[in-house]
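Descriptive structure summary
Chain by chain, the residues run as shown.
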Amino acid sequence: MAKASGIIKIEGTVEDLTFYKKDGKNFVRKKGGIAKERIANDANFVRTRENNNEFAHSGSSGKVLRLAMGSLVFKAKDSKLSSRLLQTMSRIKNMDTTSARGERNVAIGISTPDGKLQLKGFDFNANAPLKGVFFAPYTLNTSTGEIAISNFIPLEQLNYPQGATHISLQSAVVHLDFATTESEIAYSPIINLPIDLTMASQTLLPSSVPSGSGVQLFLFMISFYQEVNAVQYSLKNEEYNVLNILEVV
């Protein structure tokens, strides 16, 4: 690797030289590496091909999960969600102890108790983890999908961002089959509350509990709003919102 100097700064490839910019500086390097054809066919790279297959599968499984989440994932995510899901799916894939190396998959891994544990408690927005935001006791009924919150006091049991005046609570149940990519999601009604000292018990009950082959994911979402002139606005492009997988069955 060498620095590129001169009046004209270019980016891209010219013959066997690649020009690129990093941290505000210009660099140039010579193209190299192993040909794709050799990796795809040479017996010496069989382990590489196996690793590549499982890496690609883990990445696509993360995408399958994001798509199954419906609109919820767009309301609560961070900039590194895809890479974090890739790591999680890779760990789940490793729980597949029956398939051959290079063919281990998430659908089999998630069917194991240890595989489910890898996804349980996952926060889609690492900047707003549930355990760091919500401190009220709650129970989850996996038969009905109901989340019951007793004697909830928003002002005392929330770590809320500056400027927030209201929150919305919602639950959902997702049925997802990683093998077929089929999914179904059911939502609870949204409960909107002012962030004050009012104590009240809250119940979040999804319209149904989708089931079938695969797994069920039980979700809890918290959204923050600021009220201005009787209108509530999402706080700072929803960067403080919480979306957590409470349970996987």
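See the structure shown above.
Right, let's walk through the structure included here.

The 3 strands lie next to each other as β5-β6-β10, forming an open sheet whose pairing is antiparallel. Both edges of this open sheet fall to β5 (138-141) and β10 (200-204), since each of them pairs with a single strand only. Across this sheet, the average inter-strand angle for adjacent strands is 15°, counted without regard to direction. With 4 bridges joining them, β5 and strand β6 (residues 146-152) adopt antiparallel strand pairing. When the sheet's bridge partners are listed, T139 is paired in β6 with A148.

A positive phi is found at N151, a non-glycine position, where the angle reads about 50°. Here N151 lies in strand β6. Positive phi values are uncommon outside glycine, yet A230 reaches one of about 70°. The residue A230 is located in the loop between β11 (215-228) and β12 (231-234) in this model. On the basis of relative accessibility, which here comes to 70%, the residue A230 falls in the exposed class.

Cut-offs used in this document
Residues numbered from 1 in each chain as written. Predicted model: local features only at pLDDT ≥ 70, side-chain atom pairs only at ≥ 80, totals over all residues. Heavy atoms only, no water. Pairing = 2+ DSSP bridges. Helix = DSSP H or I, 4+ residues; strand = E, 2+ residues; numbered from the N terminus. Axes fitted to C-alpha atoms, helices over the stretch in contact; angles between N-to-C directions. Buried < 20%, exposed > 50% of the residue type's maximum accessible area, 1.4 Å probe, protein only.

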